Amino acid sequence: MTHAARHYLMCPPTWFDVTYAINPWMDPTRPVDRDRAIAQWTALRETYERLGHRVDVLEPQPELPDMVFTANGALVIGDQALGARFREPVREAEAPAHRRWLRDHGIHVHVPHEVNEGEGDFAWTGRHVLAGSGFRTSSRSHDELAELFDLPVVSLELVDPRFYHLDTALLVLDEQTIAYYPAAFSEESQRTLATYYPDAVHATEHDAMVLGLNGTSDGRHVVMAAQADSLAARISDAGFMPISVDVSELLKAGGGVKCATLELHPPVTNHPTRRY
Ligand code: ARG
């Protein structure tokens, strides 16, 4: 994945709210400023467009306050998608909305048997899919994914409830490079990551706690939370260009830049072989 225009699916936070708590960030007694969320989301969308990326928009639904987090809706590579199957019933109705949109846009959607929360726990790097489990996505879905796409999948176990989705603790910078917060992973998964990515950028707890790792990269520009300053410096030392955005309102629901962005990945070229 070199630096190239990306294709993203976003959903405006028209009905964004925190009315239930399904992760430790969510406190329904703390007010949400929806106008501010909309302004922050709009700035994120405009940032992508300025960088030359294409943004398509999914219609928001009033009874789905977390729908802004489109990353959870599927994993899409080329004209194939693995649809989501949410762990939490409160988000269940988002899955068919995604399936409908994807099918209307010519993508074949596989309806999953196992629980998976899309790109929240699946990160396609261009050579393998890094797949999280531990809080939301079931590890059995990793096999379902490998089978469907015929791609190598590297399973990783999350152990800290604050980092309940892989994309809260790991950011793919390009095909060879990632940034991550080691303590979010089991010891075995830390060893796996160190083996595959010996030169990875490590994030501090502070950076992880502002969801600084919940960013997107086009292989050159890294769109990420403004509050993660030391991570931005490390990412820049690694040769990338951090672009700061403020998504602090979304943080109240435990989400950030990446959660609000589903990537429609181009088809696989140089198909990697699965290793089992
Ligand atoms: N409130 C949402 C949930 O707990 C936030 C989802 C964040 N999305 C993500 N890709 N990490 O499900």
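Residues numbered from 1 in each chain as written. Predicted model: local features only at pLDDT ≥ 70, side-chain atom pairs only at ≥ 80, totals over all residues.

Undergrad: In this structure, what is going on with helix 2 (residues 94–104)? I would like to understand it.
TA: Because each turn of an α-helix spans 3.6 residues, side chains separated by three or four positions in sequence point in the same direction. Listing the buried residues of helix 2 in full gives Glu94, Ala95, His98, Trp101 and Leu102. All buried residues of helix 2 lie within an arc of 130° about the axis, which places them on one face of the element. Looking at the buried residues of helix 2, the elements they touch are strand 3 (74–77), strand 4 (80–83) and strand 5 (108–110). Once helix 2 ends, the next one or two residues include Gly106, with phi positive near 80°. (Buried ≥ 20, exposed ≤ 12 C-beta atoms within 10 Å, placed from the backbone. Helix = DSSP H or I, 4+ residues; strand = E, 2+ residues; numbered from the N terminus. Arc of directions from axis to C-beta. Contact = placed C-beta atoms within 7 Å.)

Undergrad: In this structure, what is going on with the environment of Asp17? I would like to understand it.
TA: On the secondary structure map, Asp17 appears in the loop between strand 1 (7–10) and helix 1 (34–50). Residues within four places of Asp17 in sequence aside, it is in contact with Val32 and Pro65.

Undergrad: I would appreciate a short explanation of the nonpolar core in the present structure.
TA: The nonpolar side chains of a soluble globular protein tend to be buried, and buried together. Grouped together as the largest cluster of nonpolar side chains are 77 residues, with contacts concentrated most on Ala169, Ala179, Leu213 and Ala260. Not counting chain neighbours up to four residues away, the residues in contact with Ala179 comprise Leu171, Leu173, Ala200, Val201, Ala203, Leu213, Leu231 and Ile235. (Core = buried A, V, L, I, M, F, W, Y, C linked by C-beta atoms within 7 Å.)

Undergrad: Help me understand the site of the ligand, please; the structure alone is not making it clear to me.
TA: Around the ligand there are 16 residues in total, and Phe69, Gly120, His165, Gly255 and Cys259 lie nearest to it. Tallied by class, residues from the shell around the ligand come to six nonpolar, seven polar and three charged. (Near = placed C-beta within 6 Å. Nonpolar A, V, L, I, M, F, W, Y, C, P; charged D, E, K, R; others polar.)

Undergrad: Which parts of the structure should I look at to understand the sheet that holds strand 11 (residues 201–202)?
TA: Pairing between sheet strands relies on hydrogen bonds along the backbone, with the strands arranged either parallel or antiparallel. The sheet built from three strands is open, its strands ordered 9-10-11 with mixed pairing. If you trace the sheet from one side to the other, it starts and ends with strand 9 (170–172) and strand 11, each paired once. Pairing geometry for strand 10 (residues 178–180) and strand 11, over two bridges, is parallel. Bridge pairing in strand 11 links Tyr180 to His202. (Pairing = 2+ DSSP bridges.)

Undergrad: Would you take a moment to explain the UniProt feature "active site" (unreviewed entry) in the protein chain for this structure?
TA: Here, UniProt's "active site" (unreviewed entry) annotation points to His165 and Cys259. Despite a sequence span of 95 residues, these residues sit close together in the fold, their greatest C-alpha distance being 9.4 Å. Among the secondary structure elements, His165 is positioned in the loop between strand 8 (153–157) and strand 9. Take His165: there are 28 C-beta atoms within 10 Å of it, and that puts it in the buried class. With respect to the helices and strands, the residue Cys259 is situated in the loop between helix 7 (248–251) and strand 15 (262–265). (UniProt positions renumbered as here; feature names shortened; annotations may be inferred.)

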